[in-house]
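Given next are the chains, with one letter for each unit.
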There are 2 protein chains.
Amino acid sequence: MSQSSQPRPTKVTPLSGFPEYLPEQRVVEQHFLDVIRSTFELHGFPSIETRAVEPVERLLGKGGDADKEIYAVSRLAADLEAGGDAELGLHFDLTVPFARYVVEHAGRLSFPFRRHQIQKVWRGERPQEGRFREFTQCDIDVVDVGELAPHFEAEMPLVMAEIFAQLPLPPMVIQVNNRKIPEGFYAGLGIEDVAGTLRVVDKLDKIGPEAVTELLTGQGLRAEQAEQVLRLASIRTEDTSFVERVRALGVEHPVLDEGLAALAAVIDTGMTNAPGALVADLKIARGLDYYTGTVYETQLIGYEEWGSFCSGGRYDSLASDGRTTYPGVGISIGLSRLLALLFAKDLVRATRKTPAAVLVAVIDEDSRPVSVRVATSLRGRGIACEVAPSAAKFGKQIRYAERRGIPFVWFPGAGEGGDQVKDIRSGEQVDAQAGSWQCPAEDLRPRVVRTT
Amino acid sequence: MSQSSQPRPTKVTPLSGFPEYLPEQRVVEQHFLDVIRSTFELHGFPSIETRAVEPVERLLGKGGDADKEIYAVSRLAADLEAGGDAELGLHFDLTVPFARYVVEHAGRLSFPFRRHQIQKVWRGERPQEGRFREFTQCDIDVVDVGELAPHFEAEMPLVMAEIFAQLPLPPMVIQVNNRKIPEGFYAGLGIEDVAGTLRVVDKLDKIGPEAVTELLTGQGLRAEQAEQVLRLASIRTEDTSFVERVRALGVEHPVLDEGLAALAAVIDTGMTNAPGALVADLKIARGLDYYTGTVYETQLIGYEEWGSFCSGGRYDSLASDGRTTYPGVGISIGLSRLLALLFAKDLVRATRKTPAAVLVAVIDEDSRPVSVRVATSLRGRGIACEVAPSAAKFGKQIRYAERRGIPFVWFPGAGEGGDQVKDIRSGEQVDAQAGSWQCPAEDLRPRVVRTT
């Protein structure tokens, strides 16, 4: 409850970059969140949440331009005499706070530590389509002490593939690469600026191969080096045949061998457990310096220009307290961006905008307790319902249900032996008892369906 | 995923007032959240969320000292040339943003509009025991256009009583009053400063009747007026007999009559639908000026000094756009404060700290795919599980499960006809098939139980 003394008729204007859903859109979001959470749990990832704020010094310097995107937080009436609080900022992802959480609570966690984390994050950037200032991320990570077993790199994308398969989405494909492949390949070619070359190749989808060649030679690569770099980047296979195709390019380096073996293991596991969900795509780099092994990006087929909705990778050092280093691997769904696409293209809808499956009609205000008893009985058996807000004419009570998509209206005492319930979509009205009536399973809760 | 380039071994210090849970505590919080949400849904309250920020001018001036408690939010690298963004602050409750949401989206909502809202809120106040700078609130409200039917005032506390009855809590009692009772009573006594008198009576539990009498006479009340005020405040009944007891005081006023009838209706509905959950307590005022009818506070029996964990009331004007006024009634659970008490007094615990019910052992790394297939099969039937992180000796794999409270370890190929599963609590090990083994219902998910 607020403490507003007098509500002022203040002008109300939406804030750009802060999406806010109507109840029927929130039903869609909650369905996605429920599927994501329950799948994370089936795979043994417990939930944690971290506080919304971190010291600004912890946020700064992590991630290129991130310092431009941080929202600083300060008490409006800061107590100057008290010396001031630490400078705080809203977290801009869930990995930086998770790294801090691991170090802070290491003594009370069991390693390897798996967790899922579903929270809002904030970035103070200029909004554009599909980009938000407040948005929800859904992360899983596994982190260990000192060493992390490589099989976790194969496990992560399979969890996500299982989620996508349950959601009313166009087909998605998770593109996987291993940073050691381009790194070893470039080293084998005698290219010195590996990071600079990766950054240019990362632009391939946006600017095309000719512009990439131009940039690479501008960076000092010889024409045949640039050509080989592009040949590697063009390799994309649904099975492990990428290994042969890389070998056919004739470049050799021990780091390349490591990368090929690691990626082959991930793709192999994918083919066994989620056929068609993963593809080896050797141009995927993830622009970030700190990934050291497998990297993931995800395309929604037919909507490739919207970019990746699910990304991540392996890092040798998620966190460190100076003595201990924590390597990890993680992957994250950008839920708000995904929903923005689905809502913009009208690809999904909720079957109704309220959890209530039944509206219990009220004959007159004096008999409201009778209607409340019916509702209590239905709820006792897991059937969500509302009692009509007023004892209006039945036509008006039915329209109340219609406007909210509530499929059934219950009429106490309408039948000869007791009550009746009407399916207001078909108009069918039958005798029913609150203690035994079966709500059709497909009407029990709002469902989320594809519109096409 | 973050964009941290090199994790620095930064010092990690907890931030006072920002609670952060270990996985086993988060299991408790999630159980509470699940019960709260599902009960809200059974009662037909759809979910909405509002953005974390509001314009500071909307937050300011709402709620007494609230302006001292607002966290302002601003881009760390604000673009001065662009003229700057609107000044924003983090919401300090869910009612102010809900009021704004109703006005902003009124054209696309159906009234009376019910909603539940479960989100974090932030207050920049100095932390003390049970008070937080970041905490979770769980609200329900019903809001209508112009007029709001009084029966909603009886409905709100029953939803909360249903929630408390499902949670592993000490007994709770919801104390209900109607602001019209003291207001009418004071007016009938000839007291002019009704609000000032209410504010003093609100301190009764803290400072006692003698100090209240002193303050009241200091405000100009005659001794017999102060005496009557205290007599009214002392009335507390579990049924509607409070009406007679007020009548016996001999004060008459039409507003008092309205209040008594309204409160009697709420208590009457409570006695029918949730016997023992509500009590009429005529000293409950809720310090806030804007409540105009029923008010609620909630005590945890045996922990009364912790204050109210669930409060709310009726307001004639939740929001207004200048033309239309939206009356409403709402009630809110202060979940973080409730959990702080439960954790501090060690009143509840989770049966384990991971969703996994089974750890599938790995014989050797080459046979990991066999263990993954077992896990996939178990998950397909809703049994959460993990595959062991390494093919260590079985003793070590069992200890991995033990440390996390995972009750079962699965051994592929251990039996003559196939696999075996071991209950590591009893040591019992039996033949089992991943496609048909039944996980005991009480072990399927972590449960939350009272420790006492």
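Computed from a prediction, not measured in an experiment: that's the story for all the values here. Every chain is numbered independently, its residues counted from 1 as its sequence is written. As a convention, the first chain written is A and the first ligand written is 1, with the rest following in written order. Local features are withheld for residues below a pLDDT of 70 in this predicted model, meaning they are given only at 70 or higher, and side-chain atom pairs are given and counted only at 80 or more; totals for whole chains, interfaces and linings count all residues. Excluded from the side-chain calculation are hydrogens and water; included are all heavy atoms of the structure.

Visitor: Could you give an account of the overall build of chain A, with specific residues and numbers?
Guide: Numbering of helices and strands runs from the N terminus; a helix is a DSSP stretch of H or I covering at least four residues, while a strand is a stretch of E covering at least two. In terms of regular secondary structure, chain A is built from 14 helices and 18 strands. Across its three principal axes, chain A shows a C-alpha extent of roughly 90 × 65 × 45 Å. Looking at chain A as a whole, 60% of its 452 residues are labelled buried. For chain A, long-range pairs separated by at least 24 residues make up 69% of all intrachain contacts whose partners lie at least 6 apart in sequence. In short, Shrake-Rupley with a 1.4 Å probe defines the accessible areas, and a residue's cover is counted only from the protein chains shown. Entry remark: accessible area of chain A is about 18,000 Å², with carbon and sulfur atoms responsible for 49%. The positive count covers Lys and Arg only, the negative count covers Asp and Glu only, and His and the chain ends enter neither. In this description, the location of a charge corresponds to atom NZ of lysine, CZ of arginine, CG of aspartate or CD of glutamate. A distance of 6 Å separates the average location of the 51 positive side-chain charges in chain A from that of its 63 negative side-chain charges. Residue exposure (1.4 Å probe, protein chains only): buried if accessible area is under 20% of the type maximum, exposed if over 50%, otherwise partly exposed. Contacts are residue-level and defined by heavy atoms, with any inter-residue pair within 4.5 Å sufficient.

Visitor: Kindly report on the pairing of strand β11 (residues 325-334) of chain A, identifying the contributing residues and their values.
Guide: Residues and elements named next belong to chain A. Taken across its 10 residues, β11 has 9 buried, putting it largely inside the fold. As defined by bridge partners, strand β10 (residues 310-320) adjoins β11 across 8 bridges and the pair is classed as antiparallel. By the bridge assignment, glycine 312 is partnered in β11 with isoleucine 331. Two strands pair if DSSP finds at least two bridges between them. With antiparallel pairing between neighbouring strands as the criterion, β10 and β11 make up a hairpin whose turn holds 4 residues, including glycine 322 at a positive phi of roughly 100 degrees.

Visitor: Explain the interface of chain B and chain A to me, using residue names and the numbers behind them.
Guide: Chain B puts 128 residues into the contact, and the matching count from chain A is 127 residues. When two parts are brought into contact, each loses some accessible area as probed by a 1.4 Å sphere; the total of that loss over both is the buried area. For the pairing of chain B and chain A, the buried interface totals around 10,600 Å² over both sides, and the portion due to carbon and sulfur atoms is 53%. Basic side-chain nitrogens of Lys or Arg form a salt bridge, by our definition, when they fall within 4 Å of a carboxyl oxygen of Asp or Glu. The interface formed by chain B and chain A includes 12 salt bridges. A salt bridge links A:Glu41 to B:Arg445, with the shortest nitrogen-to-oxygen separation between them at 3.6 Å. The definition of a polar contact used here is a pair of N or O atoms within 3.5 Å, where within protein one atom must be able to donate a hydrogen and the other to accept one, and adjacent residues in sequence count solely through side-chain atom pairs. Linking chain B to chain A there are 35 residue pairs in polar contact (both at pLDDT 80 or more). Under this grouping Gly is polar, as are all residues other than the nonpolar Ala, Val, Leu, Ile, Met, Phe, Trp, Tyr, Cys and Pro and the charged Asp, Glu, Lys and Arg. Broken down by class, the residue content of the side of chain B that touches chain A amounts to 55 nonpolar, 33 polar and 40 charged. As paired elements, strand β2 (residues 71-75) of chain A and strand β2 (residues 71-75) of chain B share 5 bridges and run antiparallel to each other. Within β2(B), the position partnered with A:Arg75 by the bridge is B:Tyr71.

Visitor: Lay out the pattern of salt bridges in plain terms, naming residues and giving numbers.
Guide: On inspection of all chains with the given rule, the structure shows 52 salt bridges over all chains. For B:Arg314, the salt bridge goes to B:Asp316, with nearest N and O atoms at 3.1 Å. What makes B:Asp316 partly exposed here is its relative accessible area of 40%. Within this structure, A:Glu20, B:Arg51, B:Glu54, B:Arg100 and B:Glu104 form a network of salt bridges that share partners.

Visitor: Please set out the sheet that holds strand β1 (residues 53-55) of chain A residue by residue, giving values where relevant.
Guide: Spatial strand order, β1(A)-β3(A)-β2(A)-β2(B)-β3(B)-β1(B): 6 strands in an open sheet with antiparallel pairing. On the outer flanks of this sheet lie β1 of chain A together with β1 (53-55) of chain B, each paired with one strand and no other. Strand after strand, the sheet turns through a mean of 40 degrees between neighbouring axes, direction not considered. Throughout, an axis means a line fitted to C-alpha atoms (over the contacting stretch in the case of helices), and angles, computed between N-to-C directions, take values from 0 to 180 degrees.

Visitor: Requested: an account of the relation of the copies chain B and chain A, with residues and values cited.
Guide: When the copies are overlaid, the least-squares fit takes in C-alpha atoms only where the residue has pLDDT of at least 70 in both copies. Once turned by 180 degrees and shifted 0.0 Å along the axis, chain B lies on chain A with an RMSD of 0.1 Å. Expressed as a symmetry operation, the mapping of one chain copy onto the other fits a two-fold axis. The C-alpha atom lying nearest the rotation axis in chain B is that of B:Val73; the distance is 2.4 Å. Taken as a fraction of all interface residues of chain B, those also at the interface in chain A reach 99%, which identifies the copy contact as same-surface.

Visitor: Please set out the UniProt feature "binding site: L-histidine" (unreviewed entry) in chain A residue by residue, giving values where relevant.
Guide: All names here are of chain A. According to UniProt, the positions carrying the feature "binding site: L-histidine" (unreviewed entry) are Asp93, Leu94, Thr95, Arg123, Gln137, Asp141, Arg286, Tyr290 and Tyr291. Tracing the backbone shows threonine 95 in helix α4 (residues 95-105). The topology assignment puts tyrosine 290 in the loop between β8 (278-281) and β9 (294-300). UniProt positions are given in the numbering used here, feature names are shortened, and annotations may be inferred rather than shown by experiment.

Visitor: Give a detailed account of the environment of B:Ile48, specifying residues and quantitative values.
Guide: Positionally, B:Ile48 belongs in the loop between α1 (23-42) and β1. Among the residues examined, B:Ile48 registers a relative accessible area of 0% and is labelled buried. Once you skip the residues sitting within four places of it in the chain, B:Ile48 turns out to touch A:Pro23, A:Arg26, B:Phe98, B:Tyr101, B:Phe113, B:Arg115, B:His116, B:Gln117 and B:Gln119.

Visitor: Give a detailed account of the domain arrangement of chain A, specifying residues and quantitative values.
Guide: All names here are of chain A. For chain A, the assigned domains read domain 1 (15-74 + 82-154 + 171-178 + 286-350), domain 2 (180-276) and domain 3 (358-447). What counts as a domain boundary in this text is fixed by an automatic or database domain assignment. Between the C-alpha centres of domain 1 and domain 2 there is a distance of 26 Å. The partner domain 2 presents 13 residues to the 13 residues of domain 1 that form the contact. Carbon and sulfur atoms make up 48% of the surface buried where domain 1 meets domain 2, a total of about 1,000 Å² over both sides. On the surface where domain 1 and domain 2 come into contact, there are 0 salt bridges. At the boundary of domain 1 and domain 2, one finds 2 residue pairs in polar contact (both at pLDDT 80 or more). Listing elements by their share of the side of domain 1 that touches domain 2, those giving two or more residues are α5 (151-166), β6 (172-178) and β9. For the side of domain 1 that touches domain 2, the element with the highest residue contribution is β6, accounting for 5 residues.

Visitor: Which residues make up the side chain of B:Arg123, and what values do they have?
Guide: Residues and elements named next belong to chain B. Examined against the element boundaries, arginine 123 turns out to sit in the loop between β4 (113-122) and β5 (134-143). Here arginine 123 occupies a buried position and makes no salt bridge, while the nearest side chain of opposite charge, glutamate 69, is found at 4.2 Å. Engagement of the side chain of arginine 123 in a polar contact is seen with the backbone oxygen of phenylalanine 92, the distance being 2.9 Å.

Visitor: Pulling in residues and values, what's your account of the packing of helix α6 (residues 180-188) of chain B against helix α11 (residues 254-273) of chain B?
Guide: All names here are of chain B. Following both chains from N to C, one finds α6 and α11 inclined at 155 degrees, their axes separated by 7 Å at the closest point. Classed by the angle they form, the pair α6 and α11 counts as roughly antiparallel. With respect to the hand of their crossing, α6 and α11 are arranged in left-handed fashion. The residues of α11 that touch α6, namely those facing Lys180, Ile181, Gly184 and Phe185, are Val255, Leu256, Glu258, Gly259, Leu260 and Leu263. Taken together, the residues of the contact of α6 with α11 break down into 6 nonpolar, 2 polar and 2 charged. Roughly parallel here means an angle under 35 degrees, roughly antiparallel means over 145, roughly perpendicular means 65 to 115, and every remaining angle is called oblique. In this scheme, a crossing is called left-handed if the near helix is turned counterclockwise away from the far one by less than a right angle; it is called right-handed if the turn is clockwise.

Visitor: Help me get a handle on the sheet that holds β8(A), residues and values and all.
Guide: Residue and element names in this part refer to chain A. Sheet architecture is open: 8 strands sit in the order β4-β5-β11-β10-β9-β6-β8-β7, paired in mixed fashion. Strand pairing shows two members of the sheet lacking a second neighbour, β4 (113-122) and β7 (236-237), which therefore form its edges. Here β7 runs beside β8; their pairing, made up of 2 bridges, is antiparallel. Paired with threonine 237 across the bridge in β8 is alanine 280. Its contacts with the sheet place α4 against β4, β5 (134-143), β10 and β11, and it is angled at close to 35 degrees to β10.

Visitor: Break down the packing of aromatic side chains for me, with residues and values.
Guide: Working definition: a ring pair exists when centres of Phe, Tyr or Trp rings (six-membered ring for Trp) sit within 6.5 Å. Plane angles under 30 degrees give stacked, over 60 give edge-to-face, the rest tilted. Summed over the entire model, instances satisfying the criterion amount to 18 aromatic pairs over all chains. Ring centres of A:Phe111 and A:Tyr326 lie 5.5 Å apart, and the angle between their planes is 35 degrees; this geometry places the pair in the tilted category. With A:Phe111 in the loop between α4 and β4 and A:Tyr326 in strand β11, the pair connects residues that are 215 residues apart, well separated along the chain. On the accessibility criterion, A:Tyr326 (4% relative accessible area) is buried. Pairwise contacts between aromatic rings join A:Phe98, A:Phe111, A:Phe113 and A:Tyr326 into one cluster. We count a charge as sitting over a ring when the NZ of a lysine or the CZ of an arginine lies within 6 Å of the ring centre and within 35 degrees of the ring normal. Over the ring of B:Phe45 we find B:Arg114, and its NZ or CZ is 4.2 Å from the ring centre. Its end group placed over the ring of B:Phe98, B:Arg115 keeps NZ or CZ at 3.8 Å from the ring centre.

Visitor: Please set out helix α9 (residues 223-233) of chain A residue by residue, giving values where relevant.
Guide: Those residues of α9(A) that fall on the buried side of the exposure criterion are A:Gln225, A:Ala226, A:Gln228, A:Val229, A:Leu230, A:Leu232 and A:Ala233. Buried residues in α9(A) make contact with α6 (180-188), α7 (194-201), α8 (204-218), α10 (242-247) and β8 of chain A.

Visitor: Please give an account of unusual backbone geometry that cites residues and values.
Guide: All names here are of chain A. In this chain, phenylalanine 111 is followed by proline 112 through a cis amide linkage whose omega measures -5 degrees. Tracing the backbone through its elements, the reader meets proline 112 in the loop between α4 and β4. The phi dihedral of aspartate 346 is positive, around 55 degrees, even though this residue is not glycine. Relative to the helices and strands, aspartate 346 is located in the loop between α12 (335-344) and β12 (348-350).

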